[in-house]
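Geometric and topological summary
Here's the letter readout for the chains.
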Amino acid sequence: MPIYEFLCERCGGRFEELVEPGTETAACRSCGAERTRRVYSAQRAPFKLVKTGGEVRKQERTNAGLRERAKQRFKARRRSAGRSGGGGP
Ligand SMILES: [Zn+2]
């Protein structure tokens, strides 16, 4: 599950919460208000997430899968675009 950053509209506090993907609100950690909104920041979470070896391996497998899918998409696109490339860089 991803960690999202939320901003409380009642107390103005920011907090981070592990939530389901796509979740837009979470109850405030300090005041309990549910009027919070997700903060879309370009920065990564300020605290470091300590991953166990198993999690790292799982993440790497996920990444490898995504890379493989992207490669296949790229290949399919190149195929449908015709043989103008000739053989890559
Ligand atoms: Zn609050």
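Note that this is a predicted model, so its numbers are computed, not measured.

A look at the confidence of the model for the protein
On average, residues of the protein carry a pLDDT of 83, and 81% of them reach 70 or more. Element-level pLDDT for the protein is lowest in helix H1 (residues 53-80), with a mean of 88, against a maximum mean of 92 in strand S2 (residues 14-18).

Examining the pattern of salt bridges
Summed over all chains, the structure comprises six salt bridges. Between Glu9 and Arg35 there is a salt bridge; the shortest N-O distance is 3.1 Å. One end of the pair, Glu9, is in the loop between strand S1 (3-8) and S2; the other, Arg35, is in the loop between S2 and strand S3 (36-39), and 26 residues separate them in sequence. Using a relative accessible area of 43% as the deciding quantity, one classes Glu9 as partly exposed. Each member of the salt-bridge network shares a partner with another, and the members are Glu9, Arg35 and Arg37.

Here's the deal with the coordination of the zinc ion
Of the protein atoms, only Cys8 (SG), Cys11 (SG), Cys28 (SG) and Cys31 (SG) coordinate the zinc ion, at distances of 2.2 to 2.4 Å. Considering all four donor atoms around the zinc ion, angles at the metal cover 105 to 120° and the coordination shape is tetrahedral. Positions of the donor residues of the zinc ion along the chain correspond to the pattern C-x2-C-x16-C-x2-C. By relative accessible area, Cys31 is classed as partly exposed at 28%.

Rules behind the numbers
- Residues numbered from 1 in each chain as written.
- Predicted model: local features only at pLDDT ≥ 70, side-chain atom pairs only at ≥ 80, totals over all residues.
- Heavy atoms only, no water.
- pLDDT = per-residue confidence, 0-100.
- Helix = DSSP H or I, 4+ residues; strand = E, 2+ residues; numbered from the N terminus.
- Salt bridge = Lys/Arg side-chain N within 4 Å of Asp/Glu carboxyl O.
- Buried < 20%, exposed > 50% of the residue type's maximum accessible area, 1.4 Å probe, protein only.
- Donors = N, O, S within 2.8 Å, 3.2 Å for Na, K, Ca; no water.
- Tetrahedral: all angles 85-135°; square planar, octahedral: opposite > 155°, others 65-115°.

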